[in-house]
Amino acid sequence: MRRRTLLGSIAAGLTAVGTPPPAFASQLHAPARPTRPVLHVHPGGSVQAAVDAVEGPGRTIVVHPGTYREVVNIPADKAELTITGVGPSRRGATVIVYDNANGTQKPDGSGTYGTAGSATFTSAAPGLTVRDLTLANDWLRADHPEITGTQAVAAYVTGDRSLFERVQLRAHQDTLFADTTALDAFDRQCYRDCYVEGDVDFVFGRATAVFERCHFHTLDRDVDFVPKGMVFAPATARANPHGFLAVHGRVTSAAEDGAYKIARPWVPTYETTAWPSLVVRDTWLGPGIDAVAPYTNMRDAYPWQSMRFAEHRNSGPGSVITVPENRPQLTDTEAVSHTPATYLGDWSPHSHSL
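Residues numbered from 1 in each chain as written. Predicted model: local features only at pLDDT ≥ 70, side-chain atom pairs only at ≥ 80, totals over all residues. Heavy atoms only, no water.

**Examining the overall build of the protein**
- Within the protein one finds 6 helices and 26 strands.
- Burial analysis of the protein (354 residues in total) assigns 55% to the buried set.
- The long-range fraction of contacts in the protein, counting pairs at least 24 apart against all pairs at least 6 apart in sequence, stands at 71%.
- As presented, the protein carries roughly 15200 Å² of accessible surface, and 55% of it is formed by carbon and sulfur atoms. (Helix = DSSP H or I, 4+ residues; strand = E, 2+ residues; numbered from the N terminus. Buried < 20%, exposed > 50% of the residue type's maximum accessible area, 1.4 Å probe, protein only. Contact = heavy atoms within 4.5 Å. Areas by Shrake-Rupley, 256 points an atom, 1.4 Å probe, with all protein chains shown as cover.)

Okay, here's the thing in structure tokens:
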């Protein structure tokens, strides 16, 4: 049996600030001034314990540098929650990591976790803000040859108005599951200045998701076939005019040139009417992207050519147009409808201050 212990307890590593102690309030002979409660999690403590302790909307959790090996689940009733790490995420100062996979057996014997259930970090809370953290799933295929369900999610995000800033998302297959609370919901998500790495379909789901100035990195894989993987696998609902938008970003690779595709469409068996949508614009595509045929099919019944895939003014060796029919391009007029503002509508995401 795998031995894992969540780090610490709320008593060991969780403190709250922002509310005067009762004695201080009584000396004033008046109610304490309402302030925004802030919970601090230190190494040895538990981020999940802090989430559980949150009462009411608009709270903040500050996670101090360290590695927190645990699964974190933020339910829908924790609205407008902010979780922020201390220190730059690019240096991995504050890490939340676990290692469940789709095919991992649950401890209670009730079956496997499934793709969504494998996530290290899960949120269904509207108005979530996450900053300056690394969210990772360090499950490795090589360590578990007996498991065929190799999806291992770092973050599974639903809920409208979810903002991630300067967050690192690290895994292999299915790193970021950017999804919606329901099949007919158009939940909006914004990822700004984030780093996402993986190999197969590592940014996927049906959310309306904007990726601004994000760095996508394709990992090397010890396999003797190509493509080794795909960056995006959107599953946008047919009724949703907006799917994934990547703008002013870059795509790098640890694999050989041409080993990766930009995307393939995901039409789930539980939503066969999906019409995946992806626009990649003003983005540097490195040599790891197959410039000749940058898109492929997940299943032949749903060819990528019938999907809403397009590019606009990309640069880099992976962006070179050699076979025009393999690289749909937006005109300047069409590109006006594919901006962060048009995708996010009346939501202008910004950081919450402490």
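**Topic: the sheet that holds strand 10 (residues 134-137)**
- Taking strand neighbours across the sheet as the criterion, the 8 strands line up as 4-7-10-13-16-19-22-25 in an open arrangement whose pairing is parallel. Of all the strands in the sheet, just strand 4 (66-69) and strand 25 (284-285) have a single pairing partner and so form its edges.
- Relative to strand 19 (residues 215-218), strand 16 (residues 195-198) runs parallel, the two being bridged by 4 bridges. By the bridge assignment, Glu197 is partnered in strand 19 with His217. (Pairing = 2+ DSSP bridges.)

**Concerning the nonpolar core**
- In this structure, Ile61, Phe121, Phe164, Tyr191, Phe211, Phe216 and Phe232 are the most contacted members of the largest nonpolar core, which totals 57 residues.
- If near-sequence neighbours (up to four positions away) are discounted, Phe216 is found in contact with Val196, Val203, Phe211, Val231, Phe232, Ala246, Arg250, Val251 and Thr252.
- If you look at the next biggest cluster of nonpolar residues, it comprises 11 residues, including Val210, Leu245, Ala335 and Leu344. (Core = buried A, V, L, I, M, F, W, Y, C linked by side-chain atoms within 4.5 Å.)

**Here's the deal with the pairing of strand 2 (residues 38-41)**
- Here strand 2 shows a buried face lined by Val38 and His40 and a second buried face lined by Leu39 and Val41.
- Across 4 bridges, the pairing between strand 2 and strand 3 (residues 60-63) is parallel. For His40, the partnering residue across the bridge sits in strand 3 and is Val62.
- This β-α-β element, strand 2 to helix 3 (residues 47-53) to strand 3, shows right-handed connectivity. (Right-handed = clockwise from strand over helix to strand, strands pointing away.)

**Comments concerning unusual backbone geometry**
- Following Val226, the chain continues to Pro227 via a peptide bond in cis, the omega torsion being 0°.
- Look at Arg161: it is not a glycine, yet its phi comes out positive at around 65°.
- With respect to the helices and strands, the residue Arg161 is situated in the loop between strand 11 (155-157) and strand 12 (162-165).
- The class of Arg161 is partly exposed, set by a relative accessible area of 25%.
- Here the phi dihedral of Asp174 falls at roughly 65°; this positive angle occurs in a residue that is not glycine.
- As for its position among the elements, Asp174 is in the loop between strand 13 (168-170) and strand 14 (176-178).
- In this structure Asp174 comes out as buried when scored by relative accessible area, which is 6%.

**Describing the pattern of salt bridges**
- Taken as a whole, this structure holds 18 salt bridges when the rule is applied.
- As a salt-bridge pair, Asp346 and Arg188 come within 2.8 Å of each other at their nearest N and O atoms. Residue Asp346 is located in the segment after helix 6 (340-344), and its partner Arg188 is located in strand 15 (residues 188-192); the two are separated by 158 residues in the primary sequence.
- Of the residues examined, Arg188 reaches a relative accessible area of 15% and is grouped as buried.
- With a shortest N-O distance of 2.8 Å, Lys261 and Asp290 are connected by a salt bridge. Note that Lys261 is positioned in strand 23 (residues 260-263) and Asp290 in the loop between strand 25 and strand 26 (308-312), a separation of 29 residues in sequence. Both residues of the pair, Lys261 and Asp290, count as buried.
- Through salt bridges with shared partners, one network takes in Asp160, Arg188 and Asp346. (Salt bridge = Lys/Arg side-chain N within 4 Å of Asp/Glu carboxyl O.)

**Regarding the packing of aromatic side chains**
- Across all of its chains, the model carries 15 aromatic pairs by this definition.
- Look at Phe164 and Tyr191: their rings are 5.0 Å apart centre to centre, the planes differ by 25°, and that puts the pair in the stacked class. Of this pair, Phe164 sits in strand 12 while Tyr191 sits in strand 15; the two residues are 27 residues apart in sequence, bridging distant segments of the chain.
- Judged by its relative accessible area of 0%, Phe164 is buried. (Phe/Tyr/Trp six-rings, centres within 6.5 Å; stacked < 30°, edge-to-face > 60°.)

**Structural notes on the sheet that holds strand 5 (residues 72-74)**
- Reading across the sheet, the 7 strands line up as 5-8-11-14-17-20-23 and stay open at both edges, with parallel pairing between neighbours. Edge positions in the open sheet fall to strand 5 and strand 23, since each of these has one partner strand only. When strand polarity is set aside, the average angle formed by the axes of neighbouring strands in this sheet is 15°.
- Direction of pairing for strand 8 (residues 121-123) relative to strand 11: parallel, over a ladder of 3 bridges. What sits directly across from Thr122, in strand 11, is Tyr156. (Axes fitted to C-alpha atoms, helices over the stretch in contact; angles between N-to-C directions.)

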